[in-house]
Amino acid sequence: MNSDGRIETTFKPGKDNDYSNSNYILLGYILEDINGKTYPELIQERIAQPLGLRNTYCDHGNPDRTKREVSYFFNGAAWLPDVDSDPSLPAAAGALVSSTEDLCLFMQGMCNGQLLEDASMDSMRSLVSRQFGHGIMKAPFYDHIGWGHTGSIDEFSAFAGYFPDDLLAMAITSNGMTMDLNALMVHILAIYFDTGYTKPEFPSTDITDPASSVFAGEYRAWLFGFIPLGVLKIEEASPNHLFMSERSDNAETQRLLLIRKDAMTFYSPDNFGDLRFDMNKANRVKRVYLIQGNLEIKCNRL
């Protein structure tokens, strides 16, 4: 929405794409309206039953939640249970419960014509951008081409994919993770395809001075020093860890865990970037620099 209150599009139709949970929720409502059945019923009739998925169901409206795990977040010192949000909120955008076995069967069945006609599958694989198709993503690994999708809600995260030429179905589910999901996928594929595996390093430190609480606050990000971006919210997580989230257009992104590298620098394993804090003469943090490769963004404390 611009300054005049008019809604503007980010790009012209067919020129690019951007993932939207709202769109998936709307698609769920459209399916219910067209078929005259609930979204959970459609999941069972159209997907779970034809493919024999025994551990896949829609949690929306399901009173028995003892079958699934609880999600946990790591605060740098301990794993803590996440607040259990009601699945009616994400609905068709994230209320499904499944297992790695069922996800592999789903991807294999979808890509092999058990759920969709060839024309529909070809349309899904028609790329809008370099990697994104229609409801599916291209997942290349060296000369191996896979198709799949990642997802996350609360502290749950998952990937399901299929490499048709290799007859390989792959799925990952997690209810708590401190490692980038894409990096984990790459490590697993490197082992499977024997392309050379390097054990990942997990930085850690015992440094607790200055106290991580001094970095807590909100910081305005500026691109090139004069283009205002979103606002970063930094919170204390543990004596040598921080939480970071971004606030833009009155919406706040999921919190990311930052791991301390030295007295004034923290590392984000989710985007492989560093945050370097600066203090003034009064020993108060005045800004932080986001550093990722050759890109550096200055964020002034509010």
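Each remark here, short or long, concerns the structure printed above.
Keep in mind that what you see is a predicted model, and the values were worked out from it rather than measured. (Residues numbered from 1 in each chain as written. Predicted model: local features only at pLDDT ≥ 70, side-chain atom pairs only at ≥ 80, totals over all residues. Heavy atoms only, no water.)

Draft legend 1. Quick peek at the packing of aromatic side chains. Considering all chains together, one arrives at 10 aromatic pairs under this definition. Ring geometry for Tyr 219 and Phe 277: centres 6.0 Å apart, planes at 65°, overall edge-to-face. Of this pair, Tyr 219 sits in strand β9 (residues 217–223) while Phe 277 sits in strand β15 (residues 273–279), and the two are 58 residues apart along the sequence. Here Tyr 219 falls in the buried class, since its relative accessible area comes to 0%. (Phe/Tyr/Trp six-rings, centres within 6.5 Å; stacked < 30°, edge-to-face > 60°. Helix = DSSP H or I, 4+ residues; strand = E, 2+ residues; numbered from the N terminus. Buried < 20%, exposed > 50% of the residue type's maximum accessible area, 1.4 Å probe, protein only.)

Draft legend 2. Fine view of the nonpolar core. Among the nonpolar cores identified, the biggest contains 16 residues, and Phe 215, Tyr 219, Ile 234 and Phe 277 are the most heavily contacted of them. Elements that contribute at least two residues to this core include exactly β9, β10 (227–238), β11 (241–248), β15, β16 (285–292) and β17 (295–301). Once residues lying within four places of it in the same chain are set aside, the contact partners of Phe 277 are Phe 215, Tyr 219, Ile 234, Leu 242, Met 264, Phe 266, Val 285, Arg 287 and Val 288. If you look at the next biggest cluster of nonpolar residues, it comprises 12 residues, including Met 110, Met 124, Trp 147 and Ala 160. (Core = buried A, V, L, I, M, F, W, Y, C linked by side-chain atoms within 4.5 Å. Contact = heavy atoms within 4.5 Å.)

Draft legend 3. Expanded view of helix α5 (residues 181–193). With 13 residues, α5 should cover 18 Å at 1.5 Å per step; its first-to-last C-alpha distance of 18 Å lies within 8% of that length. Among all positions of α5, only Leu 181, Ala 183, Met 185, His 187, Leu 189, Ala 190 and Phe 193 are buried. Near the N-terminus of α5, the side chain that reaches the backbone nitrogen of Asn 182, with its oxygen 3.2 Å away, is that of Asp 180. Positive phi appears at Asp 194, one or two residues downstream of α5, with a value of about 55°. (Expected span 1.5 Å × (residues − 1). Polar contact = N/O pair within 3.5 Å; in protein donor to acceptor, adjacent residues only side chain to side chain.)

Draft legend 4. Inspection of the sheet that holds strand β6 (residues 144–153) at higher detail. Within the open sheet, the four strands sit side by side as β5-β6-β7-β8. Their pairing is antiparallel. Two strands lie at the open edges of the sheet, namely β5 (137–141) and β8 (168–174), each paired on one side alone. Geometrically, the sheet is characterised by an average inter-axis angle of 25° between neighbouring strands, direction not taken into account. Judged from the seven bridges that link them, strand β7 (residues 156–163) and β8 form a sheet pairing that is antiparallel. Considered in β8, the bridge of Phe 163 is made with Leu 168. The strands touched by helix α3 (residues 100–111) within the sheet are β6, β7 and β8, with β8 carrying the most contacts at an inclination of about 140°. (Pairing = 2+ DSSP bridges. Axes fitted to C-alpha atoms, helices over the stretch in contact; angles between N-to-C directions.)

Draft legend 5. Focus on unusual backbone geometry. With an omega of 0°, the peptide bond running from Asp 209 to Pro 210 counts as cis. Positive phi outside glycine occurs at Tyr 142, with the angle close to 55°. In this fold, Tyr 142 is placed in the loop between β5 and β6. For Tyr 142, a relative accessible area of 62% translates into the label exposed.

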